[in-house]
Amino acid sequence: MTDKVLMKGNEAIAEAAIKAGCRHYFGYPITPQTEIAAYMAKRMPKIGGTFLQAESEVSAINMVYGVAGAGYRVMTSSSSPGISLKQEGISYIVGADLPALIVNVQRGGPGLGGIQPSQSDYFQATKGGGHGDYRLICLAPASVQEMADLTIKAFDLADKYRMPAMLLADGTMGQMMEPVSIPEVTAKPVDKPWAANGTKGERKHNIINSLYLKPEILEKVNFERFERYAQIEANEVMYEEYMMDDAEYCVVAFGIASRVSKNAVTEARKQGIKVGLIRPITLWPFPKDVLNAAADKVKGFISVELSMGQMIEDVRLATNCKKPVVLCNRAGGMIPSPEQVLDSIKNLAKEVK
Amino acid sequence: MIKNYKRVYILAGHYGSGKTNIAVNLALKIKKDGYPVNIADLDIVNPYFRTKDSLKELEEAGIRLISPTYANTNVDLPALPQEVYALVQQKSAKAVFDVGGDDRGAYALGRYAPYILEENDYEMCFVVNFFRPLTRTAEDALTVMREIELASGIKFTAIINNSNVGALTDREAVLSTVSEVEKLSSLSGLSVILTTVSQNLLPHFNGLDVFPLELQQKYYDIKE
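Residues numbered from 1 in each chain as written. Chains lettered and ligands numbered in written order. Predicted model: local features only at pLDDT ≥ 70, side-chain atom pairs only at ≥ 80, totals over all residues.

Chemist: Is there a simple way to explain the overall build of chain A in this structure?
Modeler: In terms of helices and strands, chain A carries 13 helices and 14 strands. Taking 353 residues into account, the globule formula puts the C-alpha radius of gyration at 20 Å, and chain A, at 21 Å, falls close to it. For chain A, the C-alpha atoms occupy an extent of roughly 70 × 50 × 40 Å along the three principal directions. Scored against the burial criterion, the 353 residues of chain A give a buried share of 55%. Within chain A, residue pairs in contact and separated by at least 24 positions form 78% of the contacts whose partners lie at least 6 positions apart. (Helix = DSSP H or I, 4+ residues; strand = E, 2+ residues; numbered from the N terminus. Rg over C-alpha atoms; globule rule 2.2 N^0.38 Å. Buried ≥ 20, exposed ≤ 12 C-beta atoms within 10 Å, placed from the backbone. Contact = placed C-beta atoms within 7 Å.)

Chemist: What is the right way to read the overall build of chain B from this model?
Modeler: Check the secondary structure of chain B and you find eight helices and eight strands. Since a compact globule built from 224 residues should have a radius of gyration of about 17 Å, the 17 Å found for chain B is in line with a globular shape. Judged by the C-alpha coordinates and their principal axes, chain B covers about 45 × 40 × 35 Å. For chain B, with 224 residues in total, the buried portion stands at 45%. Sequence separation of at least 24 residues holds for 74% of the intrachain contacts in chain B that already meet a minimum separation of 6.

Chemist: I tried to follow the environment of A:Leu98 on my own but got confused; where do I start?
Modeler: Residue and element names in this part refer to chain A. Residue placement: leucine 98 occurs in the loop between α5 (87-95) and β5 (100-106). A tally of 26 C-beta atoms within 10 Å means that leucine 98 is categorised as buried. In this structure leucine 98 touches Tyr65, Ala68, Gly69, Ile93 and Arg162, once residues within four positions along its chain are discounted.

Take a look at the structure:
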């Protein structure tokens, strides 16, 4: 117990990133994730790292591009409108096959929206928010402990597959405080023979670039990249199942929505409804197989989201629309209550026998 | 427990150390002991988790809450209402200031510091939780203390030990911070006027002088 500290989700991300060997942070303040930058501003100078508040989100992501190209662990963080600004840079980082961590602590949108929590950047995070054919590894924590653990995981996956990873949280996750144990990571030096870090006269120049003059080559690079994506879909799916063994109905929710849903599922069980929860931890790769298998057992699904219904499309695709999928949602910074989710479960149980 | 109340209580400290919870509970206690009391939310830094979350409870107890006009809305505008002056000017009522975290949050207090210093009947309380990662030691806490004093223009006069690890807090955890808070006390020359524990842990602190806190239950706390 004494190894635990009381942290905000945002602080847990920052400290875990440092533990994972990240020594370079570039960002620009925006509510509700500013504590990440504030924490980095205090800690980085003490450990020989770089904290730099850039003049804009666009600058920050391009600084990430540069440091990633030099082969160092690097991150940026922002909230929804700021993440939109970073999309061009993210696409370039993908195009140059570089690892980096991008944290999005989401708030209500579209536009300037509001500062309250939201999950309405799901499409942007999982379908490619910038231009071109690409994916981001997208991890969705549901506790302050997971904010820390998945930050470290995201760095490892990004290095392993040479691509950017995104940690997709929301304002409540960033601001809430919980006991957390920051893991001591033995940072294994990752071999990065592609990094532009000086030839020392011993090898050819490495070039970091996303421009291809010959379409045949660009096509080949795209096909190769998607072979890596196929490996990730086969090997890196993460999810949590709760009370699914005998479930007749299945709630699907991630992040803060899954916490609310868990309480609703527990209550529904008390009232005699056999319902369970599947919580995707990786939003990409999406846990398609587990949902498809569940669709052969349950009578229907409820997608609980802090958006107008985005993940629901992936639930339908994963299950080939074998069973009805209904939406239970709030938007614009509002959060569904356990009672709302419970009502939704009861309605589904009444309508789909 | 506090015996003779000062006219003004100011709660400041590292962000996330529990200032708002203590401010609300202290105001309720002062009111319960028979004094009229006003409470002001001076937090212009963090737009989440505010005094205003306890608005209903405070109103029902007959406590006036003065909070930024746009608190708990989507407007992230760091502006304080003129009504905050009621706390320094209405001397017939006790006053509780809930100050924003760190030195950045404490700048707002500077606006009211001359009035508070002139009246000279205040307790400037440093709220500390030794389970917060950036205030794990007395030395780190002292640094935060000095930064806040510089920003606010008021020197601390007392320490409140609010050390807790959220839901994992037990007697052992609270008592494990006693040596650190005593060290902070000797480094700063200030006495520890309160040690807080959440209401549900009170039976484990028999015979010890602790200040019980009613904590807000959040809808996303997982009920196991």
